[in-house]
Amino acid sequence: MAATQEKIRVTVRMRPLNHKEQAMHDDLIAWECFHDQRSIIFNNPNQESSATATPYTFDKVFAPSCSTQQVYDEGVRDVALSALSGINATIFAYGQTSSGKTFTMRGIVENAIKDIYDYIKNKPEQHFILKIAALEIYNETVIDLLNPESGPLRLVDDPERGTIVEKLNEQVAKDAQHLRHLIAICQAHRQVGETSLNDKSSRSHQIIRLTLESSLRESSGHEKTLVASLNFVDLAGSERISQTKICGVRLKEGNHINRSLLTLSTVIRKLSGGKRGHIPYRDSKLTRILQSALGGNARTAIICTISPSLSHVEQTKNTLTFATSAKEVVNNACVNMVVSDKTLVRQLQKEVARLEGEIRSPELSSSCLRSLLAEKDLKIKQMEKDMGDPRCQRDVAQSQLELARSELELERRANKVHKGSNDHRPSGQVVRCLSFSEESESAVGKHTPDRRKVVGRQAILASPDPSILVGEIRKLEHRQLQLCEDANRALEVMHKDFATHNLGNQETAERMSKVLSEIKDLVVAGSSLEEIVTADKADLKKMISQFKNQGNTIASLERKLENVQKSIDKLVSTFGTEETPDSKTQLRELEIENRVPTNNNIGGGGGTFARDGSPAARKSKPVDVKKIHKMFKSAVEENMKSFKVYVAELKELVAKLHYQKQLLICQVLELEVNESASEETDTTGGSPVQWEFVFEEQRQQITMLWHLCHIPVVHRTQFYLLLRGDPYDQIYMEVELRRLTWLEQHLSELGNASPALLSDEPADYVSASIRALRQEREYLAKRVNSKLTAQERELVYAEWEVPPGGKKQRRLEFINKLWSGPYNIHHVQESAQVVAKLIDFSVSDENSKDMFELNFASPYNKKTWGGWNFVSNLLHL
Ligand SMILES: Nc1ncnc2c1ncn2[C@@H]1O[C@H](COP(=O)(O)OP(=O)(O)OP(=O)(O)O)[C@@H](O)[C@H]1O
């Protein structure tokens, strides 16, 4: 694909004077932006005229009054969005410390995410995958911001892809909200420190890399895939040591920052000169990683941020000189199209066929051609080997999908708990989750003006009206029945396909009827549910037992769907394999049936008959039976594939249904517990069976919330081991759930809020918790040696799949694995046992539950909230 030459887009943004600068009387505004919004001039407030100054001109100059939205729209938007058409793009923020780089980049990233997802929404015919990776370069060390525990990363030179960061974690963003959440995690991990010019000065260069992959099936049937990366680079600020008055660690950081920025400006200066001599990309990790954005295959925009203040005039001039060089740098961006392995194999096969033809022709048969052919054959084999068995790949992908789904489900479960400790209102997620479609949401809205009162657990406690629950359940049941009917219809269509086109063999037919009966079974399950619900007359006790039965039926529905999917898988694989002797015979029969008769003794009229009286081919042209058969076959194959997808979707919906039902059962149980508590004045309340159920449910929620909120693993271990479902544990569980729910809500608000609106307090909390957790893990890693014998260590390493390596590294890797899989009960149990051993913790009288404060107030009120125990407190260090 031809590259397009384009200069780097350079814009300048001047921030307003800050409070400190305003407070200094002699600190005046030293720069004036022209009305053309392209030039800026030094205007010394201590001199009468600016006649001697020369203006600096750029693609755009944004005055202090301009919003970040404007900077995005007019300065970088089109560069950022080129990634959607397969062109790499990079957006930098460059400038002195405290000039507004981070402020600007956060807004730019937010705007870009919004635009990207709007674009994706409007292109339903295209399939998009968006991945994110993020790193920081701190003191010339590369750290993965999505997984800082992985330690320093190496840069590796790849002959085709250039410099790559080895083992950099990349995650697929499920949607815009998930992407924002991941970015918030990266920002929380970034190194920040206080200097005299900026309370929250970034001490590292941060690169957030989004990889956008879009595939489109063209009318020719070929799939076109475009892949491009979009980098958001928030550089650390250049700083004059005398001005920032830094020393110690900050000084060391400042030196590294200044040195790498110097390399960046040298690279830019050399590139802007147009001479293609030696460009010192390799002098810093920053320029190595960003090499393609600097004169390579990318579109690049640089936003230079400056302060208006007279006291920073020298630094501002340096920034503007850098910007002036940068606007002369020319890049060569091109569209990055990916040719799939399959297409390559196909091309090579064609070439082989051509060569074979040439070899067979007597005049061209030569040893040279033979060797060429052999070489190509070898290449094809290698490629086929690399591609692996597509069916196997499909299965792996499918199981990954299932895993991701169940993770998502658990995440939802964790989120579903009532949000907010004081107002007892349910979260938005719970509300959303309880309604499948907009239609049902509006239906709920009709019951009562305040929907939230209807569906929330706590709200129901406050307003115990079982008829509302019946309404909810009925809607769910109705939806379930619809699903079964849909499935049946789809299957019948497929069955017709098979019958009409006389495809497949005996085995396929058997499988087909098996799937049919399985689906029928589903429909029966669905209708029996409907009967139960419609027979109900709002008797609370009766309802509870009904709900439980329905829960079981849904579980069996899930199992049945599982079977259906397995059968379809088998069907697809049988059908996709080589032609069977049966089908070959059928094909031969069809061919014979359709062959042009040799003896033309046919009567007139519309139809023609062969000598044996069977329907025969038309007189004029022979019918290409093979072709038709192939066409039918591929049509049926397509149908089966889409049916498979359809069943997978059904499965997901049933899982959702199941979850919603569990939630409703919980609500009813609580209602009942409450009622019986008031009737019997029994403080423990509820039957043991009900409590057991609620306990397990709450424990799962708590485990997930511990994970999401980075709670110390020692606290998790103690809590997990001490609270084992005793009826008196109810109160502890409730308190823990409230605290965690509050915290999680607080942190997710941080993830969803517009960066410009973020308060600093939650961000600090996240990074402090992550840091504390890291320290705790490091501390536990040190205890592995003293608390486990060499033999025990080897055993646990094998059990936890810790790869061989240095002793220290293995210990840390092992500890990092503990409590990392909140959705796996076995993992959680094992983690608790290991941590308990490392800290000598046992369940005994002296280790009572009293260590978990019984305080219902949210942690927001710091006076009453003591915080979670850190390992150092616990070990009295
Ligand atoms: N355009 C702007 N409008 C209002 N406030 C701004 C603007 N730009 C920056 N600020 C404020 O100035 C302060 C410093 O900004 P920021 O931290 O983004 O600077 P920086 O260039 O990233 O600094 P460093 O290099 O030290 O990390 C912040 O409090 C920020 O909110």
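If you look the protein up in an unreviewed UniProt entry, it shows as Kinesin-like protein from Stylosanthes scabra.

A. Looking closely at the overall build of the protein. Across its full length, the protein carries 28 helices and 20 strands. Among the 877 residues that make up the protein, the fraction classed as buried is 47%. Put simply, of all contacts in the protein between residues at least 6 apart along the chain, 72% involve residues at least 24 apart. For the protein, the accessible surface area stands at approximately 44,500 Å², while carbon and sulfur atoms represent 52% of it.

B. Just the pattern of salt bridges, in detail. Following the criterion strictly, the structure yields 21 salt bridges and no others. With its nearest N and O atoms 2.9 Å apart, the salt bridge here joins aspartate 78 to arginine 9. You can see aspartate 78 sitting in helix H2 (residues 68-81) and its partner arginine 9 sitting in strand S2 (residues 9-14), a full 69 residues away along the chain. By relative accessible area, aspartate 78 is classed as partly exposed at 37%. When the shortest N-O distance is used, the salt bridge between glutamate 794 and arginine 810 registers 3.5 Å. With glutamate 794 in helix H25 (residues 790-799) and arginine 810 in helix H26 (residues 807-817), this pair connects stretches of sequence that are 16 residues apart. Judged by relative accessible area, arginine 810 falls into the buried class, the value being 14%. It is possible to trace a salt-bridge network through shared partners that takes in Glu6, Arg9, Asp78 and Arg299.

C. Highlighting the site of the ligand. In the vicinity of the ligand there are 15 residues, among which Thr97, Lys101, Thr102, Ser201 and Ser202 approach most closely. At 2.5 Å, a side-chain N or O of threonine 97 approaches an oxygen atom of the ligand. A distance of 2.8 Å is found between an oxygen atom of the ligand and a backbone nitrogen or oxygen belonging to phenylalanine 103. Contact with the protein chains removes 75% of the 630 Å² of surface that the ligand exposes when unbound. Looking at the shell around the ligand, the elements that each hand over two or more residues are helix H3 (101-121) and strand S15 (201-202). The leading source of residues in the shell around the ligand is H3, at three residues. Partitioned by chemical class, the residues of the shell around the ligand number two nonpolar, 10 polar and three charged.

D. Spatial organisation of the environment of aspartate 199. Within the secondary structure layout, aspartate 199 lies in the loop between strand S14 (192-193) and S15. For the pair aspartate 199 and serine 98, spaced 101 residues apart in sequence, the C-alpha to C-alpha distance is 8.9 Å. Aside from chain neighbours lying at most four places away, what touches aspartate 199 is Gly193 and Glu194.

E. Representation of the sheet that holds strand S4 (residues 39-42). One open sheet accounts for three strands, arranged S3-S4-S5; its pairing is antiparallel. Looking at the sheet topology across the chains shown, the edges are occupied by strand S3 (31-33) and strand S5 (56-57). Relative to S5, S4 runs antiparallel, the two sharing two bridges. Bridged to isoleucine 40 within S5 is tyrosine 56.

F. View of the packing of aromatic side chains. Counted according to the given criterion, the structure contains nine aromatic pairs. Each member of the aromatic cluster is reached from another via a ring pair, and the members are Trp706, Phe719, Tyr720 and Trp819. Cation over ring: lysine 317 sits above phenylalanine 42, and NZ or CZ is 4.7 Å from the ring centre. The ring of phenylalanine 58 has lysine 327 sitting right over it, with the charged end atom 5.3 Å from the ring centre.

G. The arrangement of H2 in detail. An ideal rise of 1.5 Å per residue puts 20 Å on 14 residues; H2 reaches only 17 Å between its terminal C-alpha atoms. The largest bend in H2 amounts to roughly 60° and is located at glycine 75. Among the residues of H2, Thr68, Val71, Tyr72, Gly75, Val76, Val79, Ala80 and Leu81 are the ones counted as buried. The inward-facing, buried residues of H2 abut S2, strand S6 (60-62), strand S7 (89-95), H3, strand S17 (223-234) and strand S18 (299-306).

H. Examining H25 more closely. Restricting attention to buried positions, one finds in H25 the residues Arg793, Val796 and Tyr797. All buried residues of H25 project into a common sector of 105° when viewed along the axis, lining one side. Turned more than 90 degrees away from the buried face of H25, the exposed residues are Gln791, Leu795 and Ala798. Following H25 by one or two positions, glutamate 801 has its phi on the positive side, about 55°.

I. How the structure looks around the environment of lysine 270. Here lysine 270 lies in helix H6 (residues 248-272). Classification of lysine 270 by relative accessible area gives partly exposed; the value is 36%. Each C-alpha atom, one on lysine 270 and one on serine 325, is 8.8 Å from the other, the two residues being 55 residues apart in sequence.

J. Expanded view of the packing of H6 against helix H8 (residues 313-326). Packing of H6 against H8 leaves a shortest axis separation of 8 Å and a crossing angle of 40°. Classified by the angle between their axes, H6 and H8 sit oblique to one another. As for the relative orientation of H6 and H8, their crossing is left-handed in sense. Along the contact surface, H6 presents Leu264, Ser265, Ile268, Arg269 and Ser272, while H8 presents Phe322, Ser325 and Ala326.

K. The side chain of serine 98, seen in detail. Along the chain, serine 98 falls in the loop between S7 and H3. Those residues in contact with serine 98, other than ones at most four positions away along the chain, are Arg15, Leu197 and Asn198.

L. The arrangement of the packing of H2 against H3 in detail. Their axes nearest at 10 Å, the elements H2 and H3 cross at an angle of 55°. Classified by the angle between their axes, H2 and H3 sit oblique to one another. As H2 runs across H3, the sense of the crossing is right-handed. Across the interface between the two elements, Thr68, Gln69, Val71, Tyr72, Val76, Arg77 and Leu81 from H2 touch Phe103, Thr104, Gly107, Ile108, Asn111, Ala112, Asp115 and Ile116 from H3.

M. Quick peek at the side chain of histidine 178. Relative to the elements of secondary structure, histidine 178 occurs in helix H4 (residues 176-189). Here histidine 178 is in contact with Val172 and Ala173, once residues within four sequence places are set aside.

N. Just the confidence of the model for the protein, in detail. On average, the protein scores 71 in pLDDT, and the residues at 70 or more come to 51%. Confidence drops under a pLDDT of 50 for residues 387-394, and excluding neighbours within four residues, the segment shows 10 contacts in the predicted structure. Long-range and interchain partners of residues 525-538, a stretch whose pLDDT sits below 50, account for 25 contacts in this model, where long-range means more than four residues apart.

O. Expanded view of the pairing of S17. For S17, a buried count of nine out of 12 residues is recorded, marking the element as mostly surrounded by other parts of the structure. Summarising the sheet, S7 and S17 pair through five bridges and their orientation is parallel. Considered in S17, the bridge of alanine 89 is made with leucine 230.

P. Spotlight on unusual backbone geometry. Residue glutamine 37 is not a glycine yet carries a positive backbone phi of 60°. Along the chain, glutamine 37 turns up in the loop between S3 and S4. The exposure class of glutamine 37 is partly exposed, given its relative accessible area of 26%. Of note, the phi angle at tryptophan 819 is positive, near 55°, even though the residue is not glycine. Relative to the helices and strands, tryptophan 819 resides in the loop between H26 and helix H27 (825-838). We classify tryptophan 819 as buried; its relative accessible area is 3%.

Q. Molecular detail of the environment of arginine 738. On the secondary structure map, arginine 738 appears in helix H23 (residues 730-752). Note on arginine 738: relative accessible area 17%, which makes it buried. Linking arginine 738 and isoleucine 702, residues 36 residues apart in sequence, is a C-alpha distance of 9.5 Å.

Rules used throughout
Residues numbered from 1 in each chain as written. Predicted model: local features only at pLDDT ≥ 70, side-chain atom pairs only at ≥ 80, totals over all residues. Heavy atoms only, no water. Helix = DSSP H or I, 4+ residues; strand = E, 2+ residues; numbered from the N terminus. Buried < 20%, exposed > 50% of the residue type's maximum accessible area, 1.4 Å probe, protein only. Contact = heavy atoms within 4.5 Å. Areas by Shrake-Rupley, 256 points an atom, 1.4 Å probe, with all protein chains shown as cover. Salt bridge = Lys/Arg side-chain N within 4 Å of Asp/Glu carboxyl O. Near = heavy atom within 4 Å. Polar contact = N/O pair within 3.5 Å; in protein donor to acceptor, adjacent residues only side chain to side chain. Nonpolar A, V, L, I, M, F, W, Y, C, P; charged D, E, K, R; others polar. Pairing = 2+ DSSP bridges. Phe/Tyr/Trp six-rings, centres within 6.5 Å; stacked < 30°, edge-to-face > 60°. Lys NZ or Arg CZ within 6 Å of the ring centre and 35° of its normal. Expected span 1.5 Å × (residues − 1). Bend = angle between axes of the 7 residues up to and from the residue. Arc of directions from axis to C-beta. Axes fitted to C-alpha atoms, helices over the stretch in contact; angles between N-to-C directions. Parallel < 35°, antiparallel > 145°, perpendicular 65-115°, else oblique. Left-handed = near helix turned anticlockwise from the far one by under 90°. pLDDT = per-residue confidence, 0-100.

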